[in-house]
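# Per-entry structural report
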Amino acid sequence: MTLQDSGSAGLPAFDPDSAEDQPAGALEALIGQIEGEIAELQFPRFSKDDALALGLELVERGKEDNLPIAIDITKGEQVLFHVALEGATPDNEGWVRAKRRTAVRYEEPSLLVGLRGRAGGGRIEDNAWFDQSTYAAHGGAFPIYVRDVGAVAVVTVSGLPQKADHDLVVQALREIHRSMRQS
């Protein structure tokens, strides 16, 4: 299984890790794509059993592709699922915490927070009020939204380039969301 590149309508995908010039419109297209993912991934509920299913889905995907990732699902201060797969490092734990804090603070995916900062012409990290020792506006943390309630938990992956972390989380959320619709 491979992580999909998700350019919009033939437009080359925006790479948040690249220092090179990006194609015109690619940043806006990626922001729109993530906003669409938020609208799509509204869950009817999210229980501890659902957290376990999501965590195990991510483990399965990670093991299948031999990904060196840490996976975390947290609701408030309660850790519902946490694992480091082979190759993950202690640094991934710090990234998990920082990306999760960003998703909790803004109630949006951590990648979207960073991209919106760039849409303003800079980076959110360049603002004095953005504490990089606490927050990371890098992809990989995605709030779990319950329809008509809002964000109730956060799922985070760290260990891949930030867009790949984000895409892996979205793929697993889609699978769990699909399975809930079928039950």
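This one's a predicted model, so the numbers in the text were calculated from it and none came from an experiment.

Parameters and conventions
- Residues numbered from 1 in each chain as written.
- Predicted model: local features only at pLDDT ≥ 70, side-chain atom pairs only at ≥ 80, totals over all residues.
- Heavy atoms only, no water.
- Helix = DSSP H or I, 4+ residues; strand = E, 2+ residues; numbered from the N terminus.
- Rg over C-alpha atoms; globule rule 2.2 N^0.38 Å.
- Buried < 20%, exposed > 50% of the residue type's maximum accessible area, 1.4 Å probe, protein only.
- Contact = heavy atoms within 4.5 Å.
- Areas by Shrake-Rupley, 256 points an atom, 1.4 Å probe, with all protein chains shown as cover.
- Lys, Arg positive; Asp, Glu negative; His and termini not counted.
- Charge placed at Lys NZ, Arg CZ, Asp CG, Glu CD.
- Salt bridge = Lys/Arg side-chain N within 4 Å of Asp/Glu carboxyl O.
- Pairing = 2+ DSSP bridges.
- Axes fitted to C-alpha atoms, helices over the stretch in contact; angles between N-to-C directions.
- pLDDT = per-residue confidence, 0-100.
- Phe/Tyr/Trp six-rings, centres within 6.5 Å; stacked < 30°, edge-to-face > 60°.
- Lys NZ or Arg CZ within 6 Å of the ring centre and 35° of its normal.

### Concerning the overall build of the protein chain
- Each helix and strand counted, the protein chain has five helices and five strands in total.
- The order of helices and strands in the protein chain, counted from the N terminus, is α-β-α-β-β-α-α-β-β-α.
- Since a compact globule built from 183 residues should have a radius of gyration of about 16 Å, the 16 Å found for the protein chain is in line with a globular shape.
- If one aligns the C-alpha atoms of the protein chain with their principal axes, the spans along those axes are about 45 × 35 × 35 Å.
- Looking at the protein chain residue by residue over its 183 residues, the buried ones come to 45%.
- Contacts in the protein chain between residues at least 24 apart in sequence constitute 66% of all its contacts with a sequence separation of at least 6.
- Surface summary for the protein chain: the accessible area is close to 9,100 Å², and the carbon and sulfur share equals 48%.
- The protein chain carries 18 positive and 29 negative side-chain charges, and their two centres are separated by 6 Å.

### Let's talk about the pattern of salt bridges
- Inspection of every chain in the model, using the stated rule, returns nine salt bridges.
- Measuring nitrogen to oxygen at the nearest pair gives 3.3 Å for the salt bridge that ties D50 to R45.
- Of the residues examined, D50 reaches a relative accessible area of 8% and is grouped as buried.
- The exposure class of R45 is partly exposed, given its relative accessible area of 39%.
- Close ionic contact of D72 with R100 constitutes a salt bridge, the shortest N to O distance being 2.9 Å. In this pair, D72 is assigned in strand β2 (residues 70–75) and R100 in helix α3 (residues 90–106), connecting sequence segments 28 residues apart. Each member of the pair, D72 together with R100, is buried.
- Here the residues in one salt-bridge network are E35, E108 and R116, joined through shared partners.

### Some points on the sheet that holds strand β5 (residues 150–158)
- Overall, mixed pairing links the five strands, which are arranged β1-β4-β5-β2-β3 in an open sheet. Every interior strand has two partners, whereas the edge strands, β1 (42–43) and β3 (78–84), have only one.
- Sheet topology places strand β4 (residues 141–146) next to β5; six bridges connect them, and they run antiparallel. From the neighbouring strand, A141 faces β5, where its bridge partner is T156.
- Lying on the sheet, helix α2 (residues 48–64) is in contact with β2, β3, β4 and β5; it crosses β3 at an angle near 15°.

### Re the side chain of K99
- Of note, K99 is situated in helix α3.
- Owing to a relative accessible area of 2%, K99 belongs among the buried residues under this scheme.
- Here K99 is in contact with S110, A136, H138, G139, G140, A141, T156, V157, S158 and D165, once residues within four sequence places are set aside.

### Focus on the confidence of the model for the protein chain
- When the pLDDT values of the protein chain are averaged, the result is 91; 93% of them are 70 or greater.
- Within the model, the stretch residues 1–8 combines pLDDT values under 50 with 18 contacts to residues more than four positions away or in other chains.

### Considerations on the environment of Y145
- Within the fold, Y145 resides in strand β4.
- Overall, Y145 belongs to the buried group, its relative accessible area being 7%.
- Once the C-alpha coordinates of Y145 and A53 are considered, the two residues, 92 residues apart in sequence, prove to be 16 Å apart.
- When residues no more than four places from it in sequence are discounted, the contact partners of Y145 are I38, L41, Q42, F43, E107, E108, P109, G150 and A151.

### A closer look at the packing of aromatic side chains
- By the definition in use, this model includes two aromatic pairs.
- Ring geometry for F43 against F46: centres 6.4 Å apart, planes inclined by 70°, an arrangement best described as edge-to-face.
- For F46, a relative accessible area of 10% gives the class buried.
- When the centroid spacing of 6.2 Å and the interplanar angle of 80° are considered together, the rings of F142 and Y145 count as edge-to-face. No difference in accessibility class separates F142 from Y145, as the two residues are buried.
- Over the face of the ring belonging to Y135 we find R105, whose NZ or CZ atom lies 4.9 Å from the ring centre.

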